[in-house]
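Chain by chain, the residues run as shown.
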Amino acid sequence: MARAINDIKSSIGNFYIGLPIVQLVYGLSSADVELGFDGLFSVVSIENLLFYTIAYAFYTFELILDAFRTEIQTKVDSSYIANDNWWHNTLMEFQKGDDLVLNQKTFVWGYATIDTTKQIIKRVAVRQKVDTVDNVYKVFLYVATEVNNVITPVLDDDKPLLEGYIFRKKYSGVLTKLITGTGDVVDLGLTINYNPLLLTSTGLSITDGVYPVNVAISDFISNLNSNNFGGKLNVTKLTDEIQSAEGVVDAKITQIKINGNIQEENWGTFESTNGWFSLGAITTTYQPQTTL
């Protein structure tokens with residue numbers, strides 16, 4: 001962005017009076033130099049007018065560079081690479097009920113009018129991997145929508161629309177697989193050592209009447225779905241979240257079920273089937289911490 005003319009003039013002028021030979025010619029002391037160029041020379045002085053002219057020339061040149069930069073940025077923005085970020089943005093831009101129009105210059109399909117009220121896709125995750133069904137490498141596209149701010153699968157009637165949209169937007173020859181469905185249900189078994197001054201024997205907070213452990217787990221799952229859709233459930237991070245809950249002295253996850261199946265290990269990470277998780281039952285044994 002082009003600098004102001006006075007800023008350019010001051011920069012040049014301050015450099016000028018900082019030169020030893022200039023200080024010798026004008027008889028400038030260190031105190032004079034600290035005043036700066038504008039503090040030493042009048043606005044109608046020959047030096048000021050000369051430096052203003054030079055500054056104006058620099059200003060004009062910087063304006064030309066700004067225009068050139070804008071032109072280059074426009075060309076860059078009009079280009080794209082179909083990487084994971086591109087897929088994410090493309091799916092989020094899907095407009096239910098609108099047809100695509102082919103740009104005859106770029107041969108890219110797009111909407112004639114952007115209408116955010118028709119953009120039903122609210123969560124996207126992209127994974128590139130081998131499809132175990134046919135042993136072919138594909139781009140897996142995990143998507144979900146929202147109903148009343150609650151994450152939900154895309155409706156069956158909307159899947160063909162979305163698949164048609166993907167077919168037009170993707171590069172020729174690229175194999176894709178659309179994935180949408182319910183979240184993996186996570187049931188947890190816990191043992192909590194708690195501070196009896198802060199929690200009751202059932203885990204209820206004495207101060208505000210909520211169950212801090214349940215709230216911590218619910219918030220963890222919610223944040224995972226919102227901020228890392230398509231990510232993995234990390235048991236260590238979940239345990240850390242439980243540990244930070246009010247009144248919790250120590251916490252141990254004794255059992256994990258995913259979609260009703262008991263997991264052999266109660267640690268590590270678990271990858272979601274459809275990109276997200278939902279919280280099932282929480283069975284907790286509370287043990288008071290007698291030594292505080």
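In this report, we go over the structure that sits alongside the text. (Residues numbered from 1 in each chain as written. Predicted model: local features only at pLDDT ≥ 70, side-chain atom pairs only at ≥ 80, totals over all residues. Heavy atoms only, no water.)

**What about the overall build of the protein?**
Along the protein, the regular secondary structure elements total nine helices and twelve strands. By the burial criterion, 35% of the 292 residues in the protein qualify as buried. At a minimum sequence separation of 6, the contacts of the protein that also span at least 24 residues come to 66%. Per element, the accessible surface of the protein, about 17,600 Å² overall, is 56% carbon and sulfur. Between the mean site of the 21 positive side-chain charges and the mean site of the 32 negative ones, the protein shows a separation of 9 Å. (Helix = DSSP H or I, 4+ residues; strand = E, 2+ residues; numbered from the N terminus. Buried < 20%, exposed > 50% of the residue type's maximum accessible area, 1.4 Å probe, protein only. Contact = heavy atoms within 4.5 Å. Areas by Shrake-Rupley, 256 points an atom, 1.4 Å probe, with all protein chains shown as cover. Lys, Arg positive; Asp, Glu negative; His and termini not counted. Charge placed at Lys NZ, Arg CZ, Asp CG, Glu CD.)

**Section: helix α6 (residues 84-92)**
Of all the positions in α6, only Trp86, Trp87, Thr90 and Leu91 are classed as buried. One side of α6 holds all its buried residues, which, seen down the axis, span an arc of 125 degrees. Against the buried residues of α6 lie β3 (123-131), β4 (136-147), α7 (159-169) and β6 (176-179). The N-terminus of α6 is capped by asparagine 83, whose side-chain oxygen sits 3.2 Å from the backbone nitrogen of asparagine 85. (Arc of directions from axis to C-beta. Polar contact = N/O pair within 3.5 Å; in protein donor to acceptor, adjacent residues only side chain to side chain.)

**Structural notes on the packing of helix α8 (residues 212-227) against helix α9 (residues 235-243)**
Axis separation between α8 and α9 bottoms out at 8 Å; the angle between their running directions is 140 degrees. On the basis of the axis angle, α8 is oblique to α9. The interaxial crossing formed by α8 with α9 has right-handed handedness. Taken together, the residues of α9 that come into contact with α8 (itself represented by Val213, Ala216, Ile217 and Phe220) are Lys237, Leu238, Glu241 and Ile242. Grouping the constituent residues of the contact of α8 with α9 by class yields six nonpolar, no polar and two charged. (Axes fitted to C-alpha atoms, helices over the stretch in contact; angles between N-to-C directions. Parallel < 35°, antiparallel > 145°, perpendicular 65-115°, else oblique. Left-handed = near helix turned anticlockwise from the far one by under 90°. Nonpolar A, V, L, I, M, F, W, Y, C, P; charged D, E, K, R; others polar.)

**A short note on the side chain of asparagine 48**
On the secondary structure map, asparagine 48 appears in helix α5 (residues 46-78). Given the relative accessible area of 6%, asparagine 48 is considered buried. The contact partners of asparagine 48, leaving out residues within four places of it in the chain, are Lys9, Phe37, Asp38, Ser42 and Val43.

**A few points about the pattern of salt bridges**
Across all of its chains, the model carries 13 salt bridges by this definition. The partner of aspartate 99 in a salt bridge is arginine 168, with the nearest N and O atoms 3.2 Å apart. Placement of aspartate 99 in the loop between α6 and β1 (101-102) and of arginine 168 in helix α7 is noted, with a sequence separation of 69 residues between them. Among the residues examined, aspartate 99 registers a relative accessible area of 57% and is labelled exposed. A salt bridge links glutamate 146 to arginine 123; the nearest nitrogen and oxygen atoms lie 3.0 Å apart. With a gap of 23 residues between them, glutamate 146 in strand β4 and arginine 123 in strand β3 connect regions that are remote in the sequence. A relative accessible area of 28% means that glutamate 146 is categorised as partly exposed. A relative accessible area of 14% means that arginine 123 is categorised as buried. In this structure, a network of salt bridges that share partners links the residues Asp131, Asp134, Lys138 and Lys177. (Salt bridge = Lys/Arg side-chain N within 4 Å of Asp/Glu carboxyl O.)

**So, α7**
For α7, the set of buried residues is Leu162, Tyr165, Ile166 and Lys169. Along α7, the residues classed as buried sweep out an arc of 100 degrees about the axis, all on the same side. Facing away from the buried surface of α7 by more than 90 degrees, the exposed residues are Pro160 and Phe167. Those residues of α7 that are buried lie in contact with α6, β2 (109-110), β4 and β6.

**Things to note about the sheet that holds strand β10 (residues 261-262)**
Strand order across the open sheet formed by four strands is β10-β9-β7-β12, with mixed pairing between neighbours. Unpaired on one side and paired on the other, β10 and β12 (277-288) mark the two borders of the sheet. Summarising the sheet, strand β9 (residues 248-258) and β10 pair through two bridges and their orientation is antiparallel. Bridge pairing in β10 places isoleucine 258 opposite asparagine 261. Running at roughly 155 degrees to β12, α8 makes contact with β7 (184-194), β9 and β12 of the sheet. The strands touched by α9 within the sheet are β7 and β9, with β9 carrying the most contacts at an inclination of about 140 degrees. (Pairing = 2+ DSSP bridges.)

**With respect to the packing of α6 against α7**
Contact pair α6 / α7: the axes reach a minimum separation of 11 Å and the direction vectors enclose 135 degrees. It follows from the interaxial angle that α6 and α7 lie oblique. For the pair α6 and α7, the sense of crossing is right-handed. Across from Trp86, Trp87, Thr90 and Leu91 in α6, the residues of α7 making contact are Leu162, Tyr165, Ile166 and Lys169. In the contact of α6 with α7, the residues fall into six nonpolar, one polar and one charged.

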